[in-house]
Structures are given as C-alpha cells and as structure tokens.
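Each chain is listed here by its residues.
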Amino acid sequence: MKQWRAYLELTKPRVVALLVFTALIGALLAVPGLPPWRPLLAGLAGIWLAAGSAAAINHLVDQRLDELMARTAHRPLPTGQLRPMQVLAFALLLGALAMVLLVAWVNLLTAVLTFASLMGYAVVYTAFLKRATPQNIVIGGIAGAAPPVLGWTAVAGGLHAYALLLCLIVFLWTPPHFWALAIFRRHDYARAGIPMLPVTHGVTVTRWHLLAYTVLLALATLLPYLTGMSGLFYLGGALVLDAGFLYYAVRMLRPPDEYFAMRTFNYSILYLAALFGFLLADHWLRPISGFQSAYAALHR
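### Things to note about helix 6 (residues 108–132)
For step 1, the next point in the chain: Most pronounced at Tyr125, the bend in helix 6 amounts to some 50 degrees.
For step 2, the next point in the chain: Listed as buried for helix 6 are Thr110, Ala111, Thr114, Ser117, Leu118, Gly120, Ala122, Tyr125, Thr126, Leu129 and Lys130.
For step 3, the next point in the chain: Summarising the contacts, the buried residues of helix 6 are in contact with helix 3 (37–61), helix 5 (84–105), helix 7 (136–139), helix 8 (141–144), helix 9 (147–156) and helix 10 (161–184).

Following this line, the structure appears as structure tokens:
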C-alpha cells in the first residue's frame, strides 16, 4: 500500500463519509433554500478534518488491540506501514487545520462543538469508555451523533431544537448499528479484551438490547413529523425504513445464520443514509412554513 493510502486509511474514510453526509443534511435543513456556500463548504471541510483526526487518534490508542483482531490487523500501525509518531503528527495536523478553518471561516460555536466531539470520541470513548464498560457505545455515541448539529450551527450560527432532534436519531441509531457488528465480531473483541456487550453479557442479551434500541429509534424518527419539522413524504419513507430495521432486529433474535448480523449492520448504514435523504427531500418539497417562515422573517 502506498503511504498516502495508509494515511487515508487512518481517517476511516467510509465512516467519516457517513458522518459528513449527516452534517451536510443538518446544514441543508437549517435554512430555507440553499445555505451560504462559504460556511457550508468550510464547515463540512472542518468537520471532515476533525473526524479524520479523531479516527487517526483511535488508530494510535488502539494499536495494541488492533494487532489482536482479525478485522483491524491490516491497519497501517499493526502492519508497520506507519510509525506511531507519524500517526500522532498527522492527527494533530488534521485537528489543528479543522479548528483554524472553523474559527476563521465558520463560527466559534461550531468550532467549540466540533472540538468537544473530537475529544469525546478520541479520548473519552477510545481511551476510556471502550475499555471500561459494555455500555461504551451507548455512552460514547453522543460524539458520533454530533455531526448534524455541527452542520446546522455552521450555516445557522446557533442551536435549534430540530438540530438536537437529528442528534437524538443518530444517537439511538448507533447502538443497534454497532451491536450488530459486535455480535458478528464478538470473538475478536473477546481476544482483544474489549468488554463489548456480546462479550460480557452474551449474544442473547445483546440481541434484546439491539431490538429495544431499534424500537426507540423508530419512535424517535416519528418526531420530525410530529413536531412539524417534516411532512408526509418524510413520514412515509421513515415508516418503510423503520419497518425494515425492525424486521432485522426481530429476526436477529433467531437469525437464520451467523452472517445475518452483518446483513443487519449493512442495512443500518443504508437506513441512516436513506432516512436523512428523506428528511432533505421533504424539506425541499414542502413550502416554507413553521420554523422556516420564522427564519425568513428574521432575516428580511
């Protein structure tokens, strides 16, 4: 692998792409019509850089664990493609660039919230929670749920209850999404000594937890419609997606085979992307009303 590809792998590009996508949707939902291009592009770039920095720190802190797990043994540090000091310098560079960009071109609130999210994932979750409790992914999930809020504040300049609602949806999505993977990779986690829920409490308990959080998620996805944030187009899409996720969660109680957990994991990724896609499509299809009218009135 060429060295630039090793550095790219440090940023976990597929994971970060989904996070930045939710930030983009948050930004586009924050204002009627199209947002101003400068804070939008600078905000997304800063969020991407900060997420990449957090991912690189995750590689650094988890180097010993990654060597023990089949899923991660190919990463740049375990294979010797990069040295720890190179990874640390790269992570610090990305983080510094993110903060400079957000402070100079976006706004201080977004910079502060992005830094808090970076530290929450890289330090609180990776260095502490991941090794301390089987509820690690639940408690630490708030950091991964922040991008829609960051995208919103980047273009709107302030927080709104709807932004926090987007955060809640991603927060409740994270446990069933990750526990599906953890069930499939439980032997890896056990070998590495990571107290994931399937390791400490068994697969059956984890499957019931996965179902419980999927139900909570389905209920939370109704809130955009019930609060007037979105309309019937979004509601229809959300109901279909929720029905699919609930099918997978219920089927996980007695799965047809071991790989069904990965099919559930893969569906969860499609689910989140499509759900946010429905939010955006509904936002642009509906006439300006509710909070959008209030926003327009304030900015005349």
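### Notes on the environment of Leu172
For step 1, the next point in the chain: Within the element layout of this structure, Leu172 appears in helix 10.
For step 2, the next point in the chain: Residues contacting Leu172, with those up to four places away along its chain left out, are Tyr213, Leu216, Leu217 and Ala220.

### Thoughts on the packing of aromatic side chains
For step 1, the next point in the chain: If you walk through the whole model with that rule in mind, you get 11 aromatic pairs.
For step 2, the next point in the chain: Ring centres of Tyr247 and Tyr248 lie 5.5 Å apart, and the angle between their planes is 75 degrees; on these two criteria the pair is classed as edge-to-face.
For step 3, the next point in the chain: Taken together, the aromatic side chains of Phe245, Tyr247, Tyr248, Phe260, Tyr267 and Tyr271 make up a single cluster linked through ring pairs.

### Regarding helix 5
Residues three or four positions apart in an α-helix share a direction because the helix packs 3.6 residues into each turn.
For step 1, the next point in the chain: Helix length check: helix 5 (22 residues) gives 31 Å between terminal C-alpha atoms against 32 Å at 1.5 Å per residue, within 8%.
For step 2, the next point in the chain: Three or more residues of helix 5 are buried, namely Gln86, Val87, Phe90, Ala91, Leu94, Gly95, Ala98, Met99 and Leu102.

### Some thoughts on the environment of Thr200
For step 1, the next point in the chain: Looking at the element boundaries, Thr200 is found in helix 12 (residues 197–200).
For step 2, the next point in the chain: A sequence separation of 67 residues divides Thr200 from Thr133, and the C-alpha atoms of the two residues are 9.2 Å apart.
For step 3, the next point in the chain: Among all residues touching Thr200, those that are not within four sequence positions of it are Pro134 and Pro195.

### Observations concerning the environment of Ala51
For step 1, the next point in the chain: Structurally, Ala51 can be placed in helix 3.
For step 2, the next point in the chain: With a relative accessible area of 18%, Ala51 lands in the buried category.
For step 3, the next point in the chain: Setting aside residues up to four positions removed in sequence, Ala51 forms contacts with Val16 and Leu19.

### Let's talk about the packing of helix 2 (residues 13–29) against helix 16 (residues 260–285)
For step 1, the next point in the chain: At a minimum axis distance of 10 Å, the contact between helix 2 and helix 16 shows a crossing angle of 15 degrees. Overall, the two elements helix 2 and helix 16 adopt an arrangement that is roughly parallel. In the packing of helix 2 onto helix 16, the handedness of the crossing is left-handed. Between helix 2, through Leu18, Phe21, Thr22, Ile25, Leu28 and Leu29, and helix 16, the contact on the second element is made entirely by Ile269, Leu272, Ala273, Phe276, Gly277, Leu279, Leu280, His283 and Trp284.
For step 2, the next point in the chain: Broken down by class, the residue content of the contact of helix 2 with helix 16 amounts to 12 nonpolar, three polar and no charged.

### Here we look at a nonpolar patch on the surface
For step 1, the next point in the chain: Together, Leu168, Leu223, Tyr225, Leu226 and Leu232 line one region of the surface with nonpolar side chains, adding up to about 460 Å² of accessible area.
For step 2, the next point in the chain: Ranked by residue count, the leading element in the nonpolar patch is helix 14 (residues 223–226), at three residues.
For step 3, the next point in the chain: Within the secondary structure, Leu226 is located in helix 14.

### What about the pattern of salt bridges?
For step 1, the next point in the chain: For the coordinates displayed, the defined rule picks out six salt bridges.
For step 2, the next point in the chain: Across the salt bridge formed by Asp62 and Lys130, the nearest N and O atoms sit 2.6 Å from each other. With Asp62 in the loop between helix 3 and helix 4 (63–68) and Lys130 in helix 6, this pair connects stretches of sequence that are 68 residues apart. Considered together, Asp62 and Lys130 belong to a single accessibility category, that of buried residues.
For step 3, the next point in the chain: A salt bridge links Arg263 to Asp257, with the nearest nitrogen and oxygen atoms 3.1 Å apart.
For step 4, the next point in the chain: Overall, Arg263 belongs to the partly exposed group, its relative accessible area being 31%.
For step 5, the next point in the chain: Here the salt bridges do not stand alone but share partners, grouping Asp62, Lys130 and Arg131 into one network.

Procedures and definitions
Residues numbered from 1 in each chain as written. Predicted model: local features only at pLDDT ≥ 70, side-chain atom pairs only at ≥ 80, totals over all residues. Heavy atoms only, no water. Bend = angle between axes of the 7 residues up to and from the residue. Helix = DSSP H or I, 4+ residues; strand = E, 2+ residues; numbered from the N terminus. Buried < 20%, exposed > 50% of the residue type's maximum accessible area, 1.4 Å probe, protein only. Contact = heavy atoms within 4.5 Å. Phe/Tyr/Trp six-rings, centres within 6.5 Å; stacked < 30°, edge-to-face > 60°. Expected span 1.5 Å × (residues − 1). Axes fitted to C-alpha atoms, helices over the stretch in contact; angles between N-to-C directions. Parallel < 35°, antiparallel > 145°, perpendicular 65-115°, else oblique. Left-handed = near helix turned anticlockwise from the far one by under 90°. Nonpolar A, V, L, I, M, F, W, Y, C, P; charged D, E, K, R; others polar. Patch = residues over 30% accessible without salt bridge, like charges linked within 9 Å, V, L, I, M, F, W, Y side chains within 5 Å. Areas by Shrake-Rupley, 256 points an atom, 1.4 Å probe, with all protein chains shown as cover. Salt bridge = Lys/Arg side-chain N within 4 Å of Asp/Glu carboxyl O.

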